[in-house]
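Residue-level listing of the chains:
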Amino acid sequence: MAYVDGFLIALPKQNIEAYKDLARKAGEVWKEHGAVNYVECLGDDVPYGEVTSFPRAVQAKEDETVVFSWVVYRSRQDRDAIVAKVMADPRLQGDEWKSIFDGKRMIYGGFEAFLEL
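- The chain is annotated in an unreviewed UniProt entry as DUF1428 domain-containing protein from Sinorhizobium fredii.

Okay, here's the thing in structure tokens:
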């Protein structure tokens, strides 16, 4: 069964195009190193909840939107090997992302799939 890394960030709306460029580059690198699927989604219908919500989770401000992303791998073992290669890849080195979004408010985690229809 597949293994999935999920990501949630707050993205300043003025940086959407820069983020799309960064995501395309990152996606190409992930896929080249063996990821099965790479998906980036911009928030479209993500209301600010009273208690909890996607925007609350990343402390999104009025001028920000939420980005929900995931990467699919064949297994946890594949994920660990692929992520090591991605992190060492010179195309993704540097701090370019820091001018695009606040990594301190990023939420991420690895998930073992149990159902796929």
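Having seen the model, we can carry on.
1. Overview of the layout of surface pockets
Rolled over the atoms, a probe as big as a water molecule pinpoints where empty space is left.
Right, so step 1: Of the volumes computed, that of the largest pocket is approximately 780 Å³.
Right, so step 2: Looking at the largest pocket, it is lined by 36 residues, and the ones nearest its centre are Phe-7, Trp-30, Met-87, Phe-101 and Met-106.
Right, so step 3: Mapped onto the lining of the largest pocket, the elements with two or more residues apiece are β1 (3-12), α1 (16-32), β2 (37-42), β3 (64-73), α3 (76-88) and β4 (107-112).
Right, so step 4: A total of six residues in the lining of the largest pocket trace back to one element, the largest contributor, which is α1.
Right, so step 5: Taken together, the residues that form the lining of the largest pocket break down as 22 nonpolar, seven polar and seven charged.

2. Brief notes about the packing of aromatic side chains
Right, so step 1: All chains considered together, the criterion is met by five aromatic pairs.
Right, so step 2: Consider the rings of Phe-54 and Phe-68, whose centres lie 5.7 Å apart with planes at 45 degrees: the pair is tilted. Of this pair, Phe-54 sits in helix α2 (residues 54-57) while Phe-68 sits in strand β3, placing them 14 residues apart in sequence.
Right, so step 3: A relative accessible area of 38% means that Phe-68 is categorised as partly exposed.
Right, so step 4: Aromatic pair Trp-97 and Phe-101: ring centres 5.5 Å apart, planes at 40 degrees, arrangement tilted.
Right, so step 5: Phe-101 gets classed as buried once you look at its relative accessible area, which sits at 11%.
Right, so step 6: Clustering of aromatic rings is evident, with ring pairs tying together Tyr-19, Trp-97 and Phe-101.

3. Observations regarding the pairing of β1
For a regular strand, side chains alternate in direction, first toward one face of the sheet and then toward the other.
Right, so step 1: Judged by how many residues are buried, β1 sits mostly within the fold: eight of 10 residues are covered.
Right, so step 2: Summarising the sheet, β1 and β3 pair through 10 bridges and their orientation is antiparallel. Bridging from a neighbouring strand, Ala-10 pairs with Val-66 of β3.
Right, so step 3: Alignment of β1 against β4, held across six bridges, turns out to be antiparallel. The residue of β4 that forms the bridge with Leu-8 is Ile-107.

4. What about the pattern of salt bridges?
Two side chains carrying opposite charge are able to pair once their charged atoms lie near each other.
Right, so step 1: Applying the stated criterion to the full structure yields 11 salt bridges.
Right, so step 2: A salt bridge links Arg-91 to Glu-32; the nearest nitrogen and oxygen atoms lie 3.0 Å apart. Of the two residues, Arg-91 is situated in the loop between α3 and β4 and Glu-32 in helix α1; the sequence distance between them amounts to 59 residues.
Right, so step 3: Given the relative accessible area of 54%, Glu-32 is considered exposed.
Right, so step 4: Where Asp-80 meets Arg-76, a salt bridge forms, and the shortest distance between an N and an O atom there is 3.1 Å. With Asp-80 and Arg-76 both in helix α3, this residue pair falls four residues apart, about one helical turn.
Right, so step 5: According to the relative accessible area criterion, Asp-80 is partly exposed, its value standing at 38%.
Right, so step 6: Through salt bridges that share partners, Asp-5, Arg-76, Arg-79 and Asp-80 make up one connected network.

Procedures and definitions
- Residues numbered from 1 in each chain as written.
- Predicted model: local features only at pLDDT ≥ 70, side-chain atom pairs only at ≥ 80, totals over all residues.
- Heavy atoms only, no water.
- 1 Å grid on protein atoms, 1.4 Å probe; cavity = no way out; pocket = protein on both sides within 12 Å on 5 of 7 lines; lining within 4 Å.
- Points joined across faces, edges and corners; volume = space filled by probe spheres on them.
- Helix = DSSP H or I, 4+ residues; strand = E, 2+ residues; numbered from the N terminus.
- Nonpolar A, V, L, I, M, F, W, Y, C, P; charged D, E, K, R; others polar.
- Phe/Tyr/Trp six-rings, centres within 6.5 Å; stacked < 30°, edge-to-face > 60°.
- Buried < 20%, exposed > 50% of the residue type's maximum accessible area, 1.4 Å probe, protein only.
- Pairing = 2+ DSSP bridges.
- Salt bridge = Lys/Arg side-chain N within 4 Å of Asp/Glu carboxyl O.

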